[in-house]
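Here are the chains, one letter per residue:
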Amino acid sequence: MYRLISYLKINKYELLLAAGAAATVQFVRYSYIPVYLFLLALFFISFYVYKPKIKFDILNFVPIFFYVSLALISLLLLNVSLAKDKAIIGVINAFVFPAIFYIFLISCNKDCILKIEKIWLFLLAIASVVCIFEFLYYIAFKTFRERTISIFFNPNTFAFFLVMVYPLVRNKLKDEKSKLLISLLIFVEILLSGSRTGFVVYIFEFLLINIYLIRKNILKVFLAAAGILTIFLPKILYRIPKLGDITNPKTAVGQRVFVIEFVLRYFSHRSPFEGIGAGQFELFFRKLKAPGIVALHSAHNLFLNALIEYGIIGYMILVFIVYFSVFLSAYNFFKHKEEYDRNILIGFILITIFQMFDMAEITNSRMLLINMLYTFYLFLPIYRFKRWRAIDGECI
């Protein structure tokens, strides 16, 4: 307890920022303006306090190219957008604020980067505490079938956040007991969220990141996992999809299958260069009034969503930034064999896999925190690459 209190005192500003971000984001339920003002004030204060020196080079320009290009494509498609105001807000959420955050990141020193990492860890701690109390409330007053959302607005978003932040947490842990304990705690939270995609992706993430640790403690891990799965077995069984769900467009699984077919058919009689505009999928789909289909907010696949909203050019830019980040992460790991780089590589690959089944609605104001965290993931491979080149005494 003494060590915990000491750690909180040393990092009290990071804790306050994380708590402020978690609290402010809740206002998105009513208006995005308070969140925008909070972020602008935070960026202004950060630039003023740290007085960062912005250094642009070819590598730093790659994510900026990604954000600027998709923002420009979105603006060019405003004329065909069904709701121009929603398209503009979508550009701000998905590209403008993440781009500002990225510019701040590339101008930060090592200490500042460490502070930002700690903020993400404190956000996880806050989200975990809220998740536990939320689950206890459901058990006491509702039913075990309720899915926890924590500080987010959707259980799948909460699960996605856990998958994203896990490699960052794992990199900070030193002893085996802490690594296993935190890993299993996040596994429980994934189960409580009821996210099927999150469950499968996290299993692979946990196994790949901890493969050597699991081999060493195979019995402990097996018993702990078996105990958790047994306790939450009713919730797991409730979330297992039926075979008939694949062809039933009224179920979540059936909707994902339907959307893939819908997007492919859409481009069979339209030019692949024609997009419908940023954040327009829901309105566009609602306008079609497809029989037997409930309203869909997105294509449930980031790449399909980018294809239909930004056209083939926007899709290719998205694919490029993903391949670039994965390639650079892989280079960092295979060149220097650092566990940190390996975890970031595994995390980025599994984040991408998750986005192939969900988390496509990046233009929504409720995805701002997730978009910021994704920006941090785009930054890390470049930051690590430049760090290794500096250590090796090579020119960047």
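The preceding data block contains the structure.
What this report covers is the structure whose coordinates are included nearby. (Residues numbered from 1 in each chain as written. Predicted model: local features only at pLDDT ≥ 70, side-chain atom pairs only at ≥ 80, totals over all residues. Heavy atoms only, no water.)

Notes on the overall build of the protein
At step 1: Scanning the protein for helices and strands turns up 17 helices and zero strands.
At step 2: Its C-alpha radius of gyration of 21 Å places the protein within 12% of the 21 Å reference for a compact globule of 396 residues.
At step 3: By principal-axis analysis of the C-alpha atoms, the protein measures approximately 60 × 55 × 40 Å.
At step 4: The buried share of the protein, taken over its 396 residues, is 53%. (Helix = DSSP H or I, 4+ residues; strand = E, 2+ residues; numbered from the N terminus. Rg over C-alpha atoms; globule rule 2.2 N^0.38 Å. Buried < 20%, exposed > 50% of the residue type's maximum accessible area, 1.4 Å probe, protein only.)

Remarks on helix H16 (residues 339–355)
At step 1: Taking 1.5 Å per residue as the helical rise, H16 with its 17 residues ought to reach 24 Å, and the 24 Å between its terminal C-alpha atoms agrees with that figure.
At step 2: Judged by how many residues are buried, H16 sits mostly within the fold: 14 of 17 residues are covered. (Expected span 1.5 Å × (residues − 1).)

Comments concerning the nonpolar core
At step 1: Of all hydrophobic cores here, the largest spans 108 residues; its most connected members are Phe95, Ile116, Trp120, Phe161, Leu168 and Phe376.
At step 2: Every residue in contact with Phe376, bar those within four places of it in the chain, is listed here: Phe101, Leu105, Ile113, Ile116, Glu117, Trp120 and Leu168.
At step 3: Judged by nonpolar contacts, the second largest core, of 14 residues, contains Val259, Phe281, Leu304 and Leu307. (Core = buried A, V, L, I, M, F, W, Y, C linked by side-chain atoms within 4.5 Å. Contact = heavy atoms within 4.5 Å.)

Digging into the packing of aromatic side chains
Aromatic ring pairs: the centre-centre distance and the angle between the two ring planes describe each pair.
At step 1: Considering all chains together, one arrives at 26 aromatic pairs under this definition.
At step 2: Here Phe47 and Phe104 contribute two aromatic rings whose centre-to-centre distance is 5.2 Å and whose plane-to-plane angle is 75°, an arrangement assigned as edge-to-face. With Phe47 in helix H3 (residues 33–50) and Phe104 in helix H5 (residues 84–106), this residue pair connects regions lying 57 residues apart in the sequence.
At step 3: When its relative accessible area of 5% is taken as the criterion, Phe104 is described as buried.
At step 4: Taking the centre distance of 5.2 Å and the plane angle of 40° together, the rings of Tyr137 and Phe141 count as tilted. Taken together, the residues span about one helical turn, with Tyr137 and Phe141 both in helix H6 (residues 110–141) at a distance of four residues.
At step 5: Owing to a relative accessible area of 40%, Tyr137 belongs among the partly exposed residues under this scheme.
At step 6: Under the relative-accessibility criterion, Phe141 is labelled exposed at 63%.
At step 7: By way of ring pairs, the aromatic residues Tyr32, Tyr36, Phe43, Phe97 and Phe101 are connected into one cluster.
At step 8: Above the plane of the ring of Phe333 lies Lys337, whose end atom (NZ or CZ) is 5.7 Å from the centre. (Phe/Tyr/Trp six-rings, centres within 6.5 Å; stacked < 30°, edge-to-face > 60°. Lys NZ or Arg CZ within 6 Å of the ring centre and 35° of its normal.)

Digging into the pattern of salt bridges
At step 1: Following the criterion strictly, the structure yields seven salt bridges and no others.
At step 2: With its nearest N and O atoms 3.5 Å apart, the salt bridge here joins Glu339 to Arg342. One end of the pair, Glu339, and the other, Arg342, are both in helix H16, three residues apart, so they sit about a helical turn from each other.
At step 3: Connected through salt bridges with shared partners, the residues Arg170, Glu339 and Arg342 form a single ionic network. (Salt bridge = Lys/Arg side-chain N within 4 Å of Asp/Glu carboxyl O.)

Things to note about a nonpolar patch on the surface
At step 1: Taken together, Phe44, Ile45, Tyr48, Val49 and Tyr50 make up a surface patch of nonpolar side chains, about 580 Å² in accessible area.
At step 2: Inspection of the secondary structure puts Ile45 in helix H3. (Patch = residues over 30% accessible without salt bridge, like charges linked within 9 Å, V, L, I, M, F, W, Y side chains within 5 Å. Areas by Shrake-Rupley, 256 points an atom, 1.4 Å probe, with all protein chains shown as cover.)

Digging into unusual backbone geometry
At step 1: With a phi angle near 55°, Ser150 is a residue other than glycine that sits in the positive phi range.
At step 2: Looking at where Ser150 falls in the secondary structure, it is placed in the loop between H6 and helix H7 (155–172).
At step 3: In this structure, Lys337 takes a positive phi of about 60° despite not being glycine.
At step 4: Along the chain, Lys337 turns up in the loop between helix H15 (302–336) and H16.
At step 5: Under the relative-accessibility criterion, Lys337 is labelled exposed at 57%.

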